[in-house]
Amino acid sequence: GDGQNLFTEDVTVVEGDVATISCRVKNSDDSVIQLLNPNRQTIYFRDFRPLKDSRFQLVNFSNSELRVSLTNVSISDEGRYFCQLYTDPPQEIFMTITVLVPPRNLVLDIQKDTVVEGEEIELNCTAMASRPATTIKWYKGSKELTGKSEVEQWSDMYTVTSQISLTVRREDDGVPVVCEVDHPAVKDLQTKHYLDVMYKPQIRVSQILPASGPTREGDLLDLLCQVEGKPEPTDTMWFRVDDEMPAHVIVSGSNLHISSLNKSDNGTYRCEASNEVGKAFVDYMLYVCDPLTTLPPPTTTSIIPTTISDTTATTEPAVHGFTQLPNSAEELDYGDLSAKNREAGAKMAPQPEATSWFRDSRAGEESAITAVDHAVIGGVVAVVVFAMLCLLIILGRYFARHKDRFRFKVSMDDVAV
């Protein structure tokens, strides 16, 4: 304002509410304060009200403030109000009352109440006679949508119309479309429409029996056709696509039952349903496998460990742990060797703990066969080692016997010379 000691503030008020007008004086010297309306008519002179409008009421009067309330504010009350201070020279400032008007009505219009899946629909939302112009927001469920708005002005009022287009899906059935007003004069003003979407049947075939695994000859087969649609499907049927339905197949409503499967049941079975919107189907491919064969009970294979005793120097047992042979016939001690071979043979002989796995195996036919294979291989290896050891012993004894003859011959040759 122009005055240096006079202060006031602008006021924004919703139509029908109360506006408070205040004229304040800083460093007051008891000068007279006066309040005037936009037509420059005196509302209050000090604490006296010359104006006959009883909506103006004195709230506070002092040397430093004149405060007045205006009830039931209307649009006609909007404008500039003046505070005057009778000093030398006089001071004057003004404040502005702005009146907000919420929408008179909020209307949501839809082309048709019931729509079919895949159709595009148009919705219009209109906020009538507001001030200032309203901003309209759209939501489908919790998702915000973008609309196209048009604004019309009538005198000091504004009417806003917003439009959106939606392609509906079956998931949209029962979802609210919300038109919400964003305006400083009102909170939480909205209107909504719940989508009513019709869609053709949605089908799912479940295999109840057998619960898991492949279908085999002699098995019981139970299929359930689950159908969902809007409106509710009225016609649900089972039939075989590639051939006639076998006589032993029982169809009861949405269930298909075969008590004992056989190879002739192989084929494609179709569940089909329809309603006012359309028709849908799901195919079930049946392949009957051979029945499970019953295996004979597992056999028990026992291997009795045996110990080979030494009867002569040439029939020693195979020694798996023998790693060093004598360097010459003289170093070969037959008694020691026989004793060592008996000890090695005793070590080689299977112990109860070593063969307990084979004796007590109940793992079935494959485990028994594997045990026999290992025993045969071990026997062959033992025979080969035993033969090689016997050959070495025989050669050692041979060289030991002919060693003295060789020395004697050499001595005779020296005498002859």
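Scroll up to find the structure this text is about.
Conventions used here
- Residues numbered from 1 in each chain as written.
- Predicted model: local features only at pLDDT ≥ 70, side-chain atom pairs only at ≥ 80, totals over all residues.
- Heavy atoms only, no water.
- Helix = DSSP H or I, 4+ residues; strand = E, 2+ residues; numbered from the N terminus.
- Buried < 20%, exposed > 50% of the residue type's maximum accessible area, 1.4 Å probe, protein only.
- Contact = heavy atoms within 4.5 Å.
- Areas by Shrake-Rupley, 256 points an atom, 1.4 Å probe, with all protein chains shown as cover.
- Salt bridge = Lys/Arg side-chain N within 4 Å of Asp/Glu carboxyl O.
- Pairing = 2+ DSSP bridges.
- Disulfide = S-S within 2.5 Å.
- Axes fitted to C-alpha atoms, helices over the stretch in contact; angles between N-to-C directions.
- Patch = residues over 30% accessible without salt bridge, like charges linked within 9 Å, V, L, I, M, F, W, Y side chains within 5 Å.

Engineer: Just give me the short version of the overall build of the protein, but keep the residues and values in it.
Structural biologist: The helix and strand inventory of the protein stands at three helices and 25 strands. Of all 417 residues assigned to the protein, the portion counted as buried reaches 34%. Here the analysis covers contacts within the protein between residues at least 6 apart in sequence; of these, 64% occur between residues at least 24 apart. Summing over all exposed atoms, the protein offers an accessible surface of approximately 25,400 Å²; the carbon and sulfur share of this is 52%.

Engineer: An account of the pattern of salt bridges is requested, with residue identities and associated values reported.
Structural biologist: Going through the model one piece at a time under the given rule, you end up with 16 salt bridges. With a shortest N-O distance of 3.1 Å, Arg 55 and Asp 53 are connected by a salt bridge. Relative accessible area serves as the criterion here: at 26%, Asp 53 is assigned to the partly exposed category. Between Arg 270 and Asp 283 there is a salt bridge; the shortest N-O distance is 2.6 Å. Taken together, the residues Arg 270 in strand E24 (residues 267-274) and Asp 283 in strand E25 (residues 279-286) connect sequence positions 13 residues apart. Classification of Arg 270 as buried rests on a relative accessible area of 18%.

Engineer: Pulling in residues and values, what's your account of the pairing of strand E23 (residues 255-258)?
Structural biologist: Along E23, the buried face is formed by Leu 256 and Ile 258; none of Asn 255 and His 257, which line the opposite face, is buried. Here strand E20 (residues 221-230) pairs with E23 via four bridges, running antiparallel. Bridging from a neighbouring strand, Leu 221 pairs with Ile 258 of E23.

Engineer: Give a description of the state of the cysteines that names residues and reports values.
Structural biologist: Scanning all chains against the criterion turns up three disulfides. Two residues, Cys 23 and Cys 83, share a disulfide whose sulfurs are 1.8 Å apart. One quick way to see it: the torsion about the S-S bond of Cys 23 and Cys 83 is about -70°, and its sign makes the bridge left-handed. Of the two residues, Cys 23 sits in strand E3 (residues 19-25) while Cys 83 sits in strand E8 (residues 79-86), which places them 60 residues apart along the sequence. We note that Cys 23, like Cys 83, is buried. With a sulfur-sulfur separation of 1.7 Å, Cys 225 is cross-linked through a disulfide to Cys 271. Every disulfide takes its handedness from the sign of the S-S torsion; for Cys 225 and Cys 271 that torsion is -80°, giving left-handed. Of this pair, Cys 225 sits in strand E20 while Cys 271 is found in strand E24, placing the two residues 46 residues apart along the sequence.

Engineer: An account of the sheet that holds strand E18 (residues 190-194) is requested, with residue identities and associated values reported.
Structural biologist: Pairing is antiparallel across the open sheet formed by four strands, whose spatial order is E14-E13-E17-E18. What marks the edges here is a single partner per strand, and that holds for strand E14 (143-145) and E18. Looking at each pair of strands side by side, their axes are set apart by 25° on average, direction ignored. Pairing of strand E13 (residues 135-140) with E14, which is carried by three bridges, proceeds in the antiparallel orientation. Its bridge partner lying in E14, Trp 138 is registered against Leu 145.

Engineer: Give me a nonpolar patch on the surface: which residues, what numbers.
Structural biologist: Together, Leu 391, Leu 392, Leu 395, Tyr 398 and Phe 399 line one region of the surface with nonpolar side chains, adding up to about 510 Å² of accessible area. Given the relative accessible area of 46%, Tyr 398 is considered partly exposed.

Engineer: If you had to explain the environment of Ser 54 to someone new, which residues and values would you point to?
Structural biologist: Of note, Ser 54 is situated in the loop between strand E5 (42-45) and strand E6 (56-61). For the pair Ser 54 and Thr 71, spaced 17 residues apart in the sequence, the C-alpha separation amounts to 9.0 Å.

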